[in-house]
Amino acid sequence: EEVLGKYMDLHEIYEENVVPIKHIFVDNDSEANNNNKSTVFLYRDFLSKLSKGLDTIPETQKLKERKKYVRLLTALHKYLEEFVTRSSPILKLDDVIGPSIQAFEAEWKETGGSPGWAPNKAEALLIGGSDGDDSAEKSGIDLSKFASAAELEKGTDPAMLKVELSRLGLKCGGTPADRAKRLFMTKDTPLDKLPKKLFAKKSGVPNGKKSASSNGASQEQQQHQQQPSTTVTKAERRVDIARIECIVMALLNQLGPIVDATARRVERQEAQTANEKEKEVFEDLHGSTVEAAKKSEDGDDSDDEDAPIYNPKGVPLGWDGKPMPYWLFKLHGLNHFYTCEICGNESYRGRRNFELHFAETKHSSGMKALGIPNTKHFHGVTKIEDAQKLWESLQGKLDHEQFDGSKEEEYEDSHGNVMSRSTYEDLARQGLL
């Protein structure tokens, strides 16, 4: 299916991970999209979405299907890394992913968000130091300033409490009072001494910090922040999802031409028969044997056809792909160009094409834009100024030549006398006829 690295095979990922959440990929906010059965999202649409970028998916939809979306990102991450390794063994993955991760961490530290994820200053603390410094610890909440959980609740933003609990691997649900009580327990109790029920599921109990007052992340958590986990946990944070999405986007950007080629191939295969598909795969793998046979049969004739055409005077090509005779070229006047300002300074080659263009849509639209009717009076006029002057002069003449029925309409009485309509009506009213 991949044809030696020319295309991707994402059918399994599409069936297992995309179909259950296909409604989040559709660019429509109607309620019908919330129903998976009524949402149409084909495999080619999925490839088109990958070309545009996963950051175009609304954040609310990602978080609504958090677990399934993380499974999708994890499957894409694994497949794309393996595909890059197979198709480009010399290319180092660090050179592809490294710059994107650095840019992501810098932006998240500053704004608490990234492309496709709304800024949240409170979550900017979730990106810790990478060089063994204590920047992550210094950015946490200083519990030494609070004497009780109630003071901690009043003096700290609820979002900060949630972020700090998430950074420490503790459960961050419940009311702000519950969060403050849970976080305040870490003031005097080391993290490894806390009850296991306080920690998020599958997150594990952090080790290596004997003093809870420092509120620092453990070595395992820092590694989890620097390198996305390949298992789907039940408490994935925004920063973790955004980080995996950033890695997947970096790999997709590296494989952009292959993704586009795969999308074109899928669209082409929808109109092909099974034999045509097999023939295309065979030609991709071994080349076209038909073309090779034709080249061997044609011999020197094909070389003559491929030879450059000698056309120093720029004569137009005929139906056979060769320059037309020069005498015919001169006869039709194709060596002259006529420019029409009304058509946007369009040039017409030859007198015949120039004469015909006055009845074409482009010239009529230009005349209509000037507020002038495209009548025979303006045939041959190509300048805007000339057309406007001619129209002004024609308006006076047309008004003068307008038919006046009262003066020009003739009547005849019973004696054969011819008179205008107005005279006839006056005599009829007076009874003189």
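Heads up: the structure comes first, above all this text.
Residues numbered from 1 in each chain as written. Predicted model: local features only at pLDDT ≥ 70, side-chain atom pairs only at ≥ 80, totals over all residues. Heavy atoms only, no water.

Bridge analysis of strand E1 (residues 337-340) against strand E2 (residues 346-349) gives four bridges, and the strand direction is antiparallel. Each residue of the ladder has a partner; that of Thr339, found in E2, is Ser347. In textbook terms, the turn of a hairpin is the stretch between consecutive antiparallel strands, and for E1 and E2 this stretch comprises five residues, one of which, Gly344, has a positive phi near 80°. (Pairing = 2+ DSSP bridges. Helix = DSSP H or I, 4+ residues; strand = E, 2+ residues; numbered from the N terminus.)

Next up on the list: the state of the cysteines. According to the stated counting rule, one finds zero disulfides in the structure shown. With no disulfide of its own, Cys343 lies closest to Cys340 among cysteine sulfurs, the gap being 3.5 Å. (Disulfide = S-S within 2.5 Å.)

Let us now look at the nonpolar core. Residues Met8, Leu10, Phe25, Phe46, Leu54, Tyr69 and Leu76 are the most contacted members of the largest nonpolar core, which totals 46 residues. Elements represented by at least two residues in this core include exactly helix H1 (11-18), helix H2 (43-52), helix H4 (66-87), helix H5 (93-111), helix H11 (238-254) and helix H12 (256-269). If you tally residues by element for this core, the top one is H11, at 10 residues. Other than its neighbours up to four places away in sequence, Leu54 contacts Phe25, Lys49, Lys62, Tyr69, Leu73, Leu76, Glu245, Val248 and Met249. Grouped together as the second largest cluster of nonpolar side chains are 13 residues, Leu143, Phe146, Leu152 and Leu165 included. (Core = buried A, V, L, I, M, F, W, Y, C linked by side-chain atoms within 4.5 Å. Buried < 20%, exposed > 50% of the residue type's maximum accessible area, 1.4 Å probe, protein only. Contact = heavy atoms within 4.5 Å.)

Turning to unusual backbone geometry, a few remarks are in order. Unlike most non-glycine residues, Asn345 shows phi in positive territory, near 60°. For Asn345, a relative accessible area of 53% translates into the label exposed.

This part is about the packing of aromatic side chains. Applying the stated rule across the entire model yields 11 aromatic pairs. Measuring from ring centre to ring centre gives 5.1 Å for Phe25 and Phe41, while their planes differ by 20°; the resulting arrangement is stacked. Of this pair, Phe25 sits in the loop between H1 and H2 while Phe41 sits in the loop between H1 and H2, and the two are 16 residues apart along the sequence. Here Phe378 and Trp391 contribute two aromatic rings whose centre-to-centre distance is 6.3 Å and whose plane-to-plane angle is 50°, an arrangement assigned as tilted. (Phe/Tyr/Trp six-rings, centres within 6.5 Å; stacked < 30°, edge-to-face > 60°.)

Our next topic: the environment of Arg351. Inspection of the secondary structure assignment puts Arg351 in helix H17 (residues 351-356). In the structure, Arg351 is positioned 19 residues away from His332 in sequence and 7.5 Å away in space, judged by C-alpha atoms.

Time to look at the packing of H11 against H12. Two numbers describe how H11 lies on H12: the axes approach to 4 Å, and their chain directions differ by 75°. Judged by the inter-axis angle, H11 sits roughly perpendicular to H12. Judged by residue contacts, Leu252, Asn253 and Gln254 of H11 engage Gly256, Pro257 and Val259 from H12. In the contact of H11 with H12, the residues fall into three nonpolar, three polar and no charged. (Axes fitted to C-alpha atoms, helices over the stretch in contact; angles between N-to-C directions. Parallel < 35°, antiparallel > 145°, perpendicular 65-115°, else oblique. Nonpolar A, V, L, I, M, F, W, Y, C, P; charged D, E, K, R; others polar.)

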